[in-house]
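Structural characterization, general
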Amino acid sequence: MGIKNISLSSGLKKNKKWNIIKTTGVAFVLASMLATPAYAHVPQNDFIGEEEYCDTYNVNRRVTKEAEAQTIENLFNNCTERIVTISEIEKAITLSNALNTYYPGPTELSNTDVDEIVSVDINALYNEYTRAVKRNREAKFCQNHIGDLAAIDAFTLFSCRTVTNELKSAITNRIASIVASEGYKITAWPAVEINATKAYVIIGTNYGYIRYNLQGPIIDEAKNVISYLEAQYTTAINNARGTSTLHDNAFVVNGVNPYYNTTVYLTFGDSDRKDTLTNGISIIDKLNTFEALEFSRTGNTISITEPPKLTK
């Protein structure tokens, strides 16, 4: 059995997809969760525990895990020829929700690896899914593609980095447009610092570098989204890299495929994560739509708010 040292505190949100309650440690066995045999990209019988693997083959997997983590980092930071788009992330969330709703809980197919994560064709799967929905064959689609679920769930997890990058980029683009509209010549593109406690940009102009503090309800919302998504991403990528044993039950290194010396990840869908991703994407849309927000500047503070609703 590949799964031996991970636990799952399970629970379903009402009328929602599978949701992982964050805990760590403990013992968890996933055998016999399906009534019929199931097959995945990384079947349970094809991998063993990492400690057992290293002891048996007398190897150190540090370099391998670092390379695998870097492959993930490169993709979701959009440092490769393939660009992960916001549209693709939205499609992955839809697919994850559909499959997790149809199979409300972990299955024997919940293990994946780096190759499956970076090669899963979200666009093709989504096109097939929408055709199935139109033909009232959603259940058949889910039966055929439950084996893709682990990779899709991992894709949504690592998309946390893509969304935070895009959100920061949307903020800097709007601030640059404001500064340029005031007659400044931009000599260095704004760099944004935003987390749970602070939000500001530093921008180079013909009058020198200027720091603008950011405030307003939209910025407060962005702070919460970025802090949450960055924590999700950092915990997972550090666990994949092997620099931290910290994990939550939505993603954790679960063993090694001895045939290929590839790391096997146990991964599940997480409603909170996907809801926050969706929220982050909605903020990006607002920031990219000029009429959706109002900007005002007092000294070196820029406030971002939604315009008041018109009343009859």
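This text goes with the structure placed above it.
Quick caveat, the model's predicted, so the values are computed rather than measured.

**Overview of helix 3 (residues 86-102)**
- End to end, helix 3 covers 25 Å across 17 residues, agreeing with the expected 24 Å (1.5 Å per residue, within 8%).
- Of all the 17 residues making up helix 3, 12 are buried; the element is thus mostly covered by neighbouring parts of the structure.
- Every buried residue of helix 3 is accounted for by Ile86, Glu88, Ile89, Lys91, Ala92, Ile93, Leu95, Ser96, Asn97, Ala98, Leu99 and Asn100.

**A look at the nonpolar core**
- Counting residues in each nonpolar core, the largest one holds 67 residues, and the members touching the most others are Phe158 and Ile171.
- Ranked by the residues each element gives to this core, the list is headed by helix 7 (residues 149-181), at 15 residues.
- Ile171 has contacts with Val192, Ile194, Leu214, Ile219, Ala222 and Leu287, leaving out every residue within four places of it along the chain.

**With respect to the sheet that holds strand 6 (residues 208-215)**
- Strand order across the open sheet formed by 5 strands is 4-5-6-10-9, with mixed pairing between neighbours. Looking at the sheet topology across the chains shown, the edges are occupied by strand 4 (186-194) and strand 9 (294-298). Neighbouring strand axes in the sheet, compared pairwise and without regard to direction, differ in orientation by 25 degrees on average.
- Here strand 6 runs beside strand 10 (residues 301-305); their pairing, made up of 3 bridges, is parallel. By the bridge assignment, Asn213 is partnered in strand 10 with Thr301.
- Where helix 7 meets the sheet, it contacts strand 4, strand 5 (199-205), strand 6, strand 9 and strand 10, and its direction lies at approximately 135 degrees from that of strand 4.

**Describing the environment of Cys160**
- Looking at the secondary structure, you find Cys160 in helix 7.
- Of the residues examined, Cys160 reaches a relative accessible area of 0% and is grouped as buried.

**Re empty space enclosed by the protein**
- Applying the stated rule across the entire model yields 2 cavities of 30 Å³ or more.
- Within this model, the second largest cavity holds a volume of roughly 40 Å³.
- With 3 residues, helix 8 (residues 217-241) is the single largest residue contributor to the lining of the second largest cavity.
- The class makeup of the residues in the lining of the second largest cavity is 4 nonpolar, 3 polar and 2 charged.

**Thoughts on the sheet that holds strand 8 (residues 262-267)**
- Strand order in the open sheet formed by 3 strands is 3-8-7, and the pairing between neighbours is antiparallel. Every other strand in the sheet has two partners, leaving strand 3 (111-112) and strand 7 (251-257) as the edge strands with one partner each.
- Here strand 3 pairs with strand 8 via 2 bridges, running antiparallel. In the strand pairing of strand 8, Asn111 is matched with Leu266.

**Here's the deal with the pairing of strand 9**
- Note: strand 9 against strand 10, 5 bridges, orientation antiparallel. In the strand pairing of strand 10, Phe295 is matched with Ile304.

**A few points about the side chain of Glu116**
- You can see Glu116 is positioned in helix 4 (residues 114-119).
- A distance of 2.8 Å separates polar atoms of two side chains, one belonging to Glu116 and the other to Thr112.

**A closer look at helix 6 (residues 138-145)**
- Phe141, Cys142 and His145 are the residues of helix 6 that are buried. One side of helix 6 holds all its buried residues, which, seen down the axis, span an arc of 100 degrees.
- In this structure, the buried side of helix 6 is in contact with helix 3, helix 5 (122-134) and helix 7.

The rules behind these values
Residues numbered from 1 in each chain as written. Predicted model: local features only at pLDDT ≥ 70, side-chain atom pairs only at ≥ 80, totals over all residues. Heavy atoms only, no water. Helix = DSSP H or I, 4+ residues; strand = E, 2+ residues; numbered from the N terminus. Expected span 1.5 Å × (residues − 1). Buried < 20%, exposed > 50% of the residue type's maximum accessible area, 1.4 Å probe, protein only. Core = buried A, V, L, I, M, F, W, Y, C linked by side-chain atoms within 4.5 Å. Contact = heavy atoms within 4.5 Å. Pairing = 2+ DSSP bridges. Axes fitted to C-alpha atoms, helices over the stretch in contact; angles between N-to-C directions. 1 Å grid on protein atoms, 1.4 Å probe; cavity = no way out; pocket = protein on both sides within 12 Å on 5 of 7 lines; lining within 4 Å. Points joined across faces, edges and corners; volume = space filled by probe spheres on them. Nonpolar A, V, L, I, M, F, W, Y, C, P; charged D, E, K, R; others polar. Polar contact = N/O pair within 3.5 Å; in protein donor to acceptor, adjacent residues only side chain to side chain. Arc of directions from axis to C-beta.

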